[in-house]
Amino acid sequence: MSLPAKKEFWQAVALSADVGRKPWRVLLDGAPIVLFRSSTGISALFDRCAHRLVELSTGKIIQGEIECPYHGWRFDGDGRCTAIPGHVGEMPHYRVRRYHAIERDGVVFVAVGTPSGEPYLHCMQGKDVIVRRVRSSTQSTVIDAAENILDATHTHFTHKGLLRGLSAKRHLVRVEVTGGEGWVEACYTGEERQQGLISRLLEGERTKTIGRFRYPGIAELEYWGKGGLVLATTFHLRQADERTVEGVGWLIGQRQGGFGHLKALAFKPLFNIALGQDRRVLKSASDNALFPPQVLPAIGPLDFLRRDISAIMDGKMPSAATEPSVHQIEL
Ligand code: FES
Ligand SMILES: [Fe+2]
């Protein structure tokens, strides 16, 4: 497989709005990173003062440099120490690690290595759509959180009434699983309009639903109607620390005059309710997994994407790339 290593990828770590006049701390694969606005734009440094290792993110930004709250050492956007208050004479050289950082469409991206090219943003990138940006955190792993977003079968239980109706009625649905280097998707057709609150408020007739995973940790959902895309979401997931997944993403709606904006406004709070419901089950699974004996979760007959998500995360080609499959399920 010729995809570059994960460290060479831009990873979404924060919303631009998070990084204002104060520094903002994020965790990326267990590493603390401080984001701040320096004289050269957005900067990302290892969040640890070179002197006594205090969190720089608890300090202040002064003229585009970050000042440690302990003895006031200052670091510029490249991580170079520029001031040691009280010191007379030539400045000794100290520095903290700097990461590549950029902002695109209201989101801050950081790369651990040297990224090439532009970050992937969302599934409707470049189209005339309405977007809302969201950030959330869940006690889980990237694979469990990604699978949760893409899993159509939990909605009847976890999101009863919100994404699905209250009745137990199901419909025969066709699922087509395809994939390629760094991605796998499931496309659901034949579904009747969903009876949950979100669908009734925001959707007309649905023609297809697509759930897609992209390397290294991107989960996206697309709801298509007769007139094209209705709603979509792209979530960039990353392991913050061992037990916490953070997601930064976009909620995307079709532009339909003022109505589109109203829908987009309604989508976010409803989406947040769904997120809370998912957070509860994921935390339950994460806590419960710790009890001995250690077991692997079962991959059931409807878990079409799990093995391929895990292959993609390991940098391998998903099996759906060479063997696309079609299934019938009741949804
Ligand atoms: S610990 Fe940061 S200045 Fe001393
Ligand atoms: Fe869910």
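Residues numbered from 1 in each chain as written. Chains lettered and ligands numbered in written order. Predicted model: local features only at pLDDT ≥ 70, side-chain atom pairs only at ≥ 80, totals over all residues. Heavy atoms only, no water.

(A) Here's a closer look at the overall build of the protein. Of the regular secondary structure elements, the protein holds six helices and 18 strands. Taking 2.2 N^0.38 as the reference for a compact globule, 331 residues should give roughly 20 Å; the C-alpha atoms of the protein span a radius of gyration of 22 Å, in line with that estimate. Seen through its principal axes, the protein has C-alpha atoms that stretch 80 × 55 × 35 Å. Looking at the protein residue by residue over its 331 residues, the buried ones come to 49%. For the protein, the share of sequence-separated contacts (at least 6 apart) that also reach a separation of at least 24 residues comes to 58%. Considering the protein, the positive charge centre built from 42 side chains and the negative charge centre built from 36 side chains are found 5 Å apart. (Helix = DSSP H or I, 4+ residues; strand = E, 2+ residues; numbered from the N terminus. Rg over C-alpha atoms; globule rule 2.2 N^0.38 Å. Buried < 20%, exposed > 50% of the residue type's maximum accessible area, 1.4 Å probe, protein only. Contact = heavy atoms within 4.5 Å. Lys, Arg positive; Asp, Glu negative; His and termini not counted. Charge placed at Lys NZ, Arg CZ, Asp CG, Glu CD.)

(B) Spotlight on the side chain of Gln277. If you trace the backbone, Gln277 turns up in helix H4 (residues 257-288). Among all residues touching Gln277, those that are not within four sequence positions of it are Thr158, His159 and Leu162.

(C) Broad picture of the UniProt feature "domain: Rieske" (unreviewed entry) in the protein. Under the present numbering, the feature "domain: Rieske" (unreviewed entry) in UniProt falls on residues 10-110. Between the C-alpha atoms that bound residues 10-110 there is a distance of 5 Å. The span itself is 0% helix and 46% strand. (UniProt positions renumbered as here; feature names shortened; annotations may be inferred.)

(D) Fine view of the pairing of strand S4 (residues 41-46). The element S4 is largely enclosed, with a buried count of five among its six residues. Summarising the sheet, strand S3 (residues 31-38) and S4 pair through six bridges and their orientation is antiparallel. Each bridged residue has a counterpart across the sheet, and for Leu35 the counterpart in S4 is Ala44. The loop that links S3 with its antiparallel partner S4 comprises two residues. (Pairing = 2+ DSSP bridges.)

(E) Seen up close, the nonpolar core. The biggest cluster of nonpolar side chains holds 34 residues, and the ones touching the most others in it are Val177, Val184, Tyr188 and Leu237. Listing elements by their share of this core, those giving two or more residues are helix H1 (142-150), strand S12 (172-180), strand S13 (183-189), strand S15 (218-225), strand S16 (228-241), strand S17 (244-254), H4 and helix H5 (306-313). At five residues, H1 tops the list of elements feeding residues into this core. Other than its neighbours up to four places away in sequence, Val184 contacts Val177, Thr178, Gly179, Gly211, Arg212, Phe213, Leu305, Asp308, Ile309, Ile312, Pro318 and Ala320. Counting 17 residues, the second-largest nonpolar core is a separate cluster that includes Leu15, Leu121, Met124 and Val248. (Core = buried A, V, L, I, M, F, W, Y, C linked by side-chain atoms within 4.5 Å.)

(F) Just the domain arrangement of the protein, in detail. Once the domains are mapped, the protein shows domain 1 (6-111) and domain 2 (129-286 + 298-330). The interface is formed by 19 residues belonging to domain 1 together with 14 residues belonging to domain 2. Between the two partners, domain 1 and domain 2, sit two salt bridges. In this assembly, domain 1 and domain 2 are joined by eight residue pairs in polar contact (both at pLDDT 80 or more). Of all the secondary structure elements, the ones that give two or more residues to the side of domain 1 that touches domain 2 are strand S1 (11-15), strand S2 (24-28) and strand S10 (107-111). If one sorts the elements of the side of domain 1 that touches domain 2 by residue count, S1 sits on top with five residues. The class makeup of the residues in the side of domain 1 that touches domain 2 is eleven nonpolar, three polar and five charged. (Domains from an automatic or database assignment. Salt bridge = Lys/Arg side-chain N within 4 Å of Asp/Glu carboxyl O. Polar contact = N/O pair within 3.5 Å; in protein donor to acceptor, adjacent residues only side chain to side chain. Nonpolar A, V, L, I, M, F, W, Y, C, P; charged D, E, K, R; others polar.)

(G) Highlighting the coordination of the iron ion (ligand 2). Looking at the iron ion (ligand 2), the protein donor atoms are His154 (NE2), His159 (NE2), Asp278 (OD) and Asp278 (OD), and they sit 2.1 to 2.3 Å from it. In this structure, the iron ion (ligand 2) is surrounded by four donor atoms whose angles at the metal cover 58 to 145 degrees, and the resulting shape is irregular. Each donor residue of the iron ion (ligand 2) belongs to the same chain, with the gaps between them written as H-x4-H-x118-D. His159 shares its class with His154; the two are buried. (Donors = N, O, S within 2.8 Å, 3.2 Å for Na, K, Ca; no water. Tetrahedral: all angles 85-135°; square planar, octahedral: opposite > 155°, others 65-115°.)

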